[in-house]
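# Descriptive analysis of the structure
In case you want the letters, here they are:
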Amino acid sequence: MSTTEIFLLAMLLIFSLPYLVWRFGRTDYVAPLAIVQIIGGIVLGPGVAGAMFPEYHKFVFNPDVMKTLNGIAQWGVMLFVMLAGIELDLKKVWTYRRESVTTAGLSLGMPLLLGCGAALLLVAYPGWMGPKAQVWQFTLGTGMACAVTALPVLVLLMEKLDILRQPMGQRILRYASLDDVAIWGVLALIMLDWERVGRQLGFLAGFALLTLVFRRLMARLPQPDRWYVAMIWLIACGFGADWAGLHFMVGAFLAGVVMDADWFGQDKLDALFKNVLLVLMPVFFLSTGLRTKWDMGGYAVFFVGGLLLFASVGGKLAGAHIAGRMLKWKRGEASIIGWLLQTKGLIEIIFANILLDKGIITSETFTALLLMAVGSTMLTVPVVHPKLNRAQHRGLVEQASS
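Every value quoted in this text rests on a predicted model; they were computed, and no experiment measured them.

### Comments concerning the environment of leucine 112
Within the secondary structure, leucine 112 is located in helix H7 (residues 97-123). When the C-alpha positions of leucine 112 and aspartate 262 are compared, they lie 34 Å apart, and in sequence the two are 150 residues distant. Setting aside residues up to four positions removed in sequence, leucine 112 forms contacts with Leu140, Gly143, Met144 and Ala147.

### Quick look at helix H5 (residues 63-87)
The end-to-end C-alpha distance of H5, which contains 25 residues, comes to 36 Å, matching closely the 36 Å that a straight helix rising 1.5 Å per residue would cover. The backbone nitrogen of aspartate 64 has a side-chain oxygen 3.0 Å away, supplied by the residue at the start of H5, namely asparagine 62.

### Here we look at the nonpolar core
Counting 134 residues, the largest nonpolar core has Leu69, Trp184, Met259, Leu340 and Ile350 as the members making the most contacts within it. Among the elements that line this core, the one with the most residues is H5, at 13 residues. Beyond its immediate stretch of four places on either side in the chain, methionine 259 contacts Met82, Ile86, Phe214, Arg215, Ala230, Trp233 and Phe264.

### With respect to the packing of H7 against helix H8 (residues 135-147)
Packing of H7 against H8 brings their axes to within 7 Å, and their N-to-C directions diverge by 135°. If you check the angle between H7 and H8, you find them oblique. The element H7 and its partner H8 pack so that their crossing is right-handed. Each of Leu108, Pro111, Leu112, Gly115, Cys116, Ala119, Leu120, Leu122 and Val123 in H7 lies in contact with H8, whose residues at this interface are Val135, Phe138, Thr139, Leu140, Thr142, Gly143, Met144, Cys146 and Ala147.

### So, empty space enclosed by the protein
Counted according to the given criterion, the structure contains one cavity of 30 Å³ or more. Broken down by element, the residue count for the lining of the largest cavity peaks at four residues, all from helix H2 (residues 33-44). For the lining of the largest cavity, the class distribution of residues is six nonpolar, three polar and no charged.

### A word on the packing of aromatic side chains
Enumeration according to the criterion identifies nine aromatic pairs in this entry. Ring geometry for phenylalanine 207 against tryptophan 233: centres 5.7 Å apart, planes inclined by 25°, an arrangement best described as stacked. Residue phenylalanine 207 is located in helix H11 (residues 197-220), and its partner tryptophan 233 is located in helix H12 (residues 223-244); the two are separated by 26 residues in the primary sequence. Using a relative accessible area of 11% as the deciding quantity, one classes phenylalanine 207 as buried. According to the relative accessible area criterion, tryptophan 233 is buried, its value standing at 9%. Centroid distance tryptophan 227 to phenylalanine 264: 4.7 Å. Interplanar angle 50°. Geometry classified as tilted. One end of the pair, tryptophan 227, is in helix H12; the other, phenylalanine 264, is in the loop between helix H13 (248-257) and helix H14 (266-279), and 37 residues separate them in sequence. Through successive ring pairs, a cluster of aromatic residues spans Phe203, Phe207, Phe214, Trp227, Trp233, Trp263 and Phe264. We note arginine 171 situated over the ring of tryptophan 329; from NZ or CZ to the ring centre the distance is 5.2 Å.

### Description of the packing of H11 against H12
Where H11 meets H12, the axes come as close as 10 Å, and the angle between the chain directions of the two elements is 175°. Here H11 is positioned roughly antiparallel relative to H12, judged by the angle of their axes. The residues of H12 that touch H11, namely those facing Arg199, Gln200, Phe203, Phe207, Leu210, Thr211, Phe214, Leu217, Met218 and Ala219, are Arg226, Val229, Ala230, Trp233, Cys237, Gly240, Ala241, Trp243 and Ala244. Tallied by class, the residues present in the contact of H11 with H12 amount to 14 nonpolar, three polar and two charged.

### Digging into unusual backbone geometry
Phi at arginine 26 takes a positive value of approximately 50°, unusual for a residue other than glycine. Looking at the secondary structure, you find arginine 26 in the loop between helix H1 (3-25) and H2. For lysine 328, which is not glycine, the phi dihedral falls at a positive 60°. For lysine 328, the location among the structural elements is in the loop between helix H16 (298-327) and helix H17 (333-341). Judged by its relative accessible area of 72%, lysine 328 falls in the exposed class.

### Some words on the side chain of lysine 316
Structurally, lysine 316 can be placed in helix H16. Exposure remark for lysine 316: the relative accessible area of 0% places this residue in the buried category. For lysine 316, the residues in contact, after removing those within four places along its chain, are Ser107, Leu108, Pro111, Ala147, Val148, Thr149, Asp179, Gly338, Leu341, Gln342 and Lys344.

### Considerations on a nonpolar patch on the surface
Residues Tyr19, Leu20 and Phe24 make up a contiguous nonpolar surface patch of about 340 Å² in total accessible area. Mapped onto the fold, phenylalanine 24 is located in helix H1.

### Quick notes on the side chain of arginine 171
Structurally, arginine 171 can be placed in helix H10 (residues 167-191). Residues contacting arginine 171, with those up to four places away along its chain left out, are Glu99, Trp329, Glu333 and Ile337.

### Concerning the pattern of salt bridges
Within this structure, the stated rule accounts for four salt bridges. In this structure, arginine 174 and glutamate 99 form a salt bridge, with 3.5 Å as the shortest nitrogen-oxygen distance. Of this pair, arginine 174 sits in helix H10 while glutamate 99 sits in helix H7, and the two are 75 residues apart along the sequence. We classify arginine 174 as buried; its relative accessible area is 8%. One salt bridge in this structure joins arginine 171 and glutamate 333, with 3.4 Å as the shortest N-O distance. One end of the pair, arginine 171, is in helix H10; the other, glutamate 333, is in helix H17, with 162 residues separating them in the sequence.

Thresholds, definitions, all that
Residues numbered from 1 in each chain as written. Predicted model: local features only at pLDDT ≥ 70, side-chain atom pairs only at ≥ 80, totals over all residues. Heavy atoms only, no water. Helix = DSSP H or I, 4+ residues; strand = E, 2+ residues; numbered from the N terminus. Contact = heavy atoms within 4.5 Å. Expected span 1.5 Å × (residues − 1). Polar contact = N/O pair within 3.5 Å; in protein donor to acceptor, adjacent residues only side chain to side chain. Core = buried A, V, L, I, M, F, W, Y, C linked by side-chain atoms within 4.5 Å. Buried < 20%, exposed > 50% of the residue type's maximum accessible area, 1.4 Å probe, protein only. Axes fitted to C-alpha atoms, helices over the stretch in contact; angles between N-to-C directions. Parallel < 35°, antiparallel > 145°, perpendicular 65-115°, else oblique. Left-handed = near helix turned anticlockwise from the far one by under 90°. 1 Å grid on protein atoms, 1.4 Å probe; cavity = no way out; pocket = protein on both sides within 12 Å on 5 of 7 lines; lining within 4 Å. Points joined across faces, edges and corners; volume = space filled by probe spheres on them. Nonpolar A, V, L, I, M, F, W, Y, C, P; charged D, E, K, R; others polar. Phe/Tyr/Trp six-rings, centres within 6.5 Å; stacked < 30°, edge-to-face > 60°. Lys NZ or Arg CZ within 6 Å of the ring centre and 35° of its normal. Patch = residues over 30% accessible without salt bridge, like charges linked within 9 Å, V, L, I, M, F, W, Y side chains within 5 Å. Areas by Shrake-Rupley, 256 points an atom, 1.4 Å probe, with all protein chains shown as cover. Salt bridge = Lys/Arg side-chain N within 4 Å of Asp/Glu carboxyl O.

These figures capture arrangement, not role.
Below, the structure is given as structure tokens:
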């Protein structure tokens, strides 16, 4: 078979298997299609399919095919991260700054502390910290991976729960938006290469200056032209960030965060987001699954994944409950908000990919983080749905009694 035929065979597996499991298994309540695709990537990776059918695995996912798949995956994830940056509405955060900063700070800080504690335990054992990492980078990177809230997946889940446009849904988006900014800021700090710090500071200074020119240009362009210029801006920012040593996905997020959703129209942005998820992101999920390794033994990886899941979920819930007491939220709100904010999904996987690319974590730690992201996202809807029903019932009872 030619390389083109093998590539198409790989694409057929990537798109058909997860869809068939999702559709006929009716997993949507527990695992949305994106999560099934991530699990499909793990199953098609070297740890499962590669171990069961090593010759076929090497034949289908050979180096030439993987280069093509990785190129598609990189472009897809750049678009996805840019859209996540555009979705951030920092004006609303500023309007409700006291509540937003308090809740976002606690919901980020508590899992960060617990995640850093778990990372310090792992430092004592070989095989978890990456070959290029210093202890503080591994500790902070792992802790921040536990503190991530996946804003795009959070939007999908709240849409499914029918609370996205409600006041609580908008509040949760504000908290998650602030956390997203902090996460990418910390990532940039972790990525700082002191041997190339001049180049990195030069990129940030150049980015700030060009942003002023870019925003003025975009305001004057007709909407069709804005899409083309946005793509050029995205590629330039990704290249600049990677050249500086920060990582191209940091550049993609920066490219998006300085754009206004009003420039493009919310309906068109939503359509692009859904199309990127449909057409490009499944390839990224597979390339992610192909990076999973179980060399240290499945039990060790599952144990660490469980430890990180406990730090992530427990930390988010603790932070939300403390914020709820400080801000005098209604009964049950803290639990709902905490469970929704602990959703990891795609952003945590992207974050972990960057840490792996830079040698800060090993493939085993990456696998544990991937398991944590899948488990955290799958828990969200089954836990939150009954809590929302009880909260709505209490609200109706209180209205009737008053």
